[in-house]
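Residue-level listing of the chains:
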Amino acid sequence: MKKLIDKLYELNNLDDKELLELLKGMNEEDIIYLKSKALEVRKKYYGNKVYLRGLIEFTNYCSRDCMYCGIQRGNSLADRYRLSLEEIMSACKMGYELGYRTFVLQGGEDGYYTDDKIVKIITSIKNKYPECAITLSIGEKPYKSYKEYYKAGADRYLLRHETADKKLYESLHPTGSFENRIKCLWNLKEIGYQVGAGFMIGLPNQTYEHYVKDLRFLKELEPHMVGIGPFIPHKDTLLAKEKGGTVEMTTVLLSIIRLMLPEVLLPATTALGTLHPTGREKGLKAGANVVMPNLSPISVREKYALYDGKICTGDEAAECRMCIERRINSAGFSVDLSRGDNILWRDRRYVY
Ligand code: SAH
């Protein structure tokens, strides 16, 4: 296994057979070695820095029925909310004062926010905070909409592919098309966004073969960001009784992704922190270099419940900001509050 890990480190790639062998065959010692190599690579490109992004969950209305998700349309028990432009701006103000220079606007696919409304939100933030980066995470939209948001000033877009296996994707997304999700990612890239793809770990019926497909897709797409996290069941969904993902599998995949895409921006996600008290720290030590603390008003935090047990729902933004800094420092890293662009993108070395 050590040889395979060295090969992955040298070439930033392995063939599918080798990836499968690695995923299936590593013992504890191999995993420690894999993580040490991933940490070495992240330090080479990003030093000890961890970028912070302020996350604003601005709507939990959703027209989709993703089986794993607590805010799916069919969940009649979800207590729905929307933030007004003023509430979004006041979350940004709070974030700006706490030092954040990236705001991530995430929500369900909510038709209430027409393209005009989204553009208004983007321009309002950009007018007030021109040096801040705006990341959108609002699902699948037509090319034209993505283009409008980009022209209005959106810098980045997060759209996890969720799983790169068409059959598994379709089993989890009764109202979605796998092809469209993938097409959206290519569209976003073509338009010029810094793009984030990613997948969940521990979905029902997910196998090592599926992870190999995810890794292969990421290698092909070459996104600037990759968000991965464990699937955590939500009590009011049909998947409530499923097992969900583990910290160990998630951190192993974080390390492999760091070695395959050395310059990628890789968050240690809230879901990882939900599974284990120091889950995010474990993620950082496995090669992650981004954390996204919550900036949403406390009154709505619990309502944005994609899964059960979500952490940080009761902490003021300022507390979250300080808590996360302490955690980052205790894991041996330091906070970087700049925009934190992907270094390849920043250096314009990408050729489209
Ligand atoms: N509507 C947007 C944002 C979705 S929420 C979009 O479609 O991209 C952000 C991410 O949360 C999803 O992409 C999914 O990967 C993750 N997620 C949803 N339900 C989850 C669950 N039960 N456990 C863990 N992660 C979940």
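Above: the structure in question.
**Student:** Tell me what's going on with the overall build of the protein chain, and back it up with residues and numbers.
**Tutor:** Within the protein chain, the regular secondary structure consists of 15 helices and 11 strands. C-alpha atoms of the protein chain, sized along the principal axes, occupy 55 × 40 × 40 Å. The buried share among the 352 residues of the protein chain stands at 61%. Taking contacts inside the protein chain between residues at least 6 apart in sequence as the whole, the part at least 24 apart equals 74%.

**Student:** Give a description of the packing of helix H3 (residues 28–46) against helix H10 (residues 247–260) that names residues and reports values.
**Tutor:** In contact at an axis separation of 9 Å, H3 and H10 are set at 45° when each is read in the N-to-C sense. The orientation of H3 relative to H10 falls into the category oblique. The two elements H3 and H10 cross, and the hand of that crossing is left-handed. Across the interface between the two elements, Ile31, Leu34, Lys35, Lys37, Ala38, Val41, Arg42 and Tyr46 of H3 pack against Glu248, Thr251, Val252, Ser255, Ile256, Arg258 and Leu259 of H10. Its residues placed into classes, the contact of H3 with H10 shows 8 nonpolar, 2 polar and 5 charged.

**Student:** If you had to explain the sheet that holds strand E1 (residues 49–52) to someone new, which residues and values would you point to?
**Tutor:** A sheet is described by the order of its strands in space; here 3 strands give the open sequence E10-E1-E11, paired in parallel fashion. Of all strands in the sheet, those bounded by a partner on one side alone are strand E10 (290–291) and strand E11 (334–336). Here E1 pairs with E11 via 3 bridges, running parallel. Across the sheet, Lys49 pairs through a bridge with Ser334, a residue of E11. In the packing of helix H14 (residues 317–330) onto the sheet, contacts are made with E1, E10 and E11, and the angle to E11 comes to roughly 130°.

**Student:** So what's going on with the packing of aromatic side chains? Which residues, and what values?
**Tutor:** If you walk through the whole model with that rule in mind, you get 10 aromatic pairs. Where Phe58 meets Tyr113, the ring centres are 4.8 Å apart and the plane angle is 85°; that geometry is what we call edge-to-face. One end of the pair, Phe58, is in strand E2 (residues 54–59); the other, Tyr113, is in the loop between strand E3 (102–107) and helix H5 (115–128), and 55 residues separate them in sequence. Ring geometry for Tyr112 and Tyr113: centres 5.0 Å apart, planes at 90°, overall edge-to-face. Relative accessible area serves as the criterion here: at 41%, Tyr112 is assigned to the partly exposed category. On the basis of relative accessibility, which here comes to 5%, the residue Tyr113 falls in the buried class. By way of ring pairs, the aromatic residues Tyr146, Tyr150, Tyr157 and Tyr193 are connected into one cluster. Against the face of Tyr9 rests Lys37, its NZ or CZ located 4.1 Å from the ring centre.

**Student:** How would you summarise empty space enclosed by the protein if you had to cite specific residues and measurements?
**Tutor:** Left-over empty space is what a probe sized like a water molecule reveals as it rolls over the atoms. This structure, assessed with the given rule, holds 2 cavities of 30 Å³ or more. Lining the second largest cavity, in full, are Phe58, Thr59, Gly108, Asp110, Tyr113, Ile118, Ile138 and Lys141. In terms of residue class, the lining of the second largest cavity is made up of 4 nonpolar, 2 polar and 2 charged.

**Student:** Mind laying out the nonpolar core, listing which residues take part and the relevant values?
**Tutor:** Judged by nonpolar contacts, the single largest core of 101 residues is most densely connected at Ile125, Leu136, Tyr149, Ile256 and Ile257. Of all the elements, H10 adds the most residues to this core, at 9 residues. Apart from residues no more than four positions distant in its own chain, Ile256 is found in contact with Leu8, Leu19, Leu22, Leu23, Leu34 and Leu215.

**Student:** Lay out the site of the ligand in plain terms, naming residues and giving numbers.
**Tutor:** In the neighbourhood of the ligand, 18 residues make up the surrounding shell, with Tyr68, Gly107, Arg160, Glu162 and Ile232 lying closest. At 2.9 Å, a backbone N or O of Gly107 approaches a nitrogen atom of the ligand. Notes on the ligand: free accessible area 560 Å², of which the protein chains cover 92%.

**Student:** Outline unusual backbone geometry, supporting the account with residue identities and numerical values.
**Tutor:** With a phi close to 75°, Glu162 is a non-glycine residue in the positive phi region. Position of Glu162 relative to the elements: it lies in the loop between strand E5 (156–158) and helix H7 (166–172). The exposure class of Glu162 is buried, given its relative accessible area of 10%. One non-glycine residue, Glu222, lies in positive phi territory at about 50°. The residue Glu222 is located in the loop between helix H9 (208–221) and strand E8 (225–226) in this model.

Definitions and limits used
Residues numbered from 1 in each chain as written. Predicted model: local features only at pLDDT ≥ 70, side-chain atom pairs only at ≥ 80, totals over all residues. Heavy atoms only, no water. Helix = DSSP H or I, 4+ residues; strand = E, 2+ residues; numbered from the N terminus. Buried < 20%, exposed > 50% of the residue type's maximum accessible area, 1.4 Å probe, protein only. Contact = heavy atoms within 4.5 Å. Axes fitted to C-alpha atoms, helices over the stretch in contact; angles between N-to-C directions. Parallel < 35°, antiparallel > 145°, perpendicular 65-115°, else oblique. Left-handed = near helix turned anticlockwise from the far one by under 90°. Nonpolar A, V, L, I, M, F, W, Y, C, P; charged D, E, K, R; others polar. Pairing = 2+ DSSP bridges. Phe/Tyr/Trp six-rings, centres within 6.5 Å; stacked < 30°, edge-to-face > 60°. Lys NZ or Arg CZ within 6 Å of the ring centre and 35° of its normal. 1 Å grid on protein atoms, 1.4 Å probe; cavity = no way out; pocket = protein on both sides within 12 Å on 5 of 7 lines; lining within 4 Å. Points joined across faces, edges and corners; volume = space filled by probe spheres on them. Core = buried A, V, L, I, M, F, W, Y, C linked by side-chain atoms within 4.5 Å. Near = heavy atom within 4 Å. Polar contact = N/O pair within 3.5 Å; in protein donor to acceptor, adjacent residues only side chain to side chain. Areas by Shrake-Rupley, 256 points an atom, 1.4 Å probe, with all protein chains shown as cover.

Taken by themselves, the reported measurements are silent on function.
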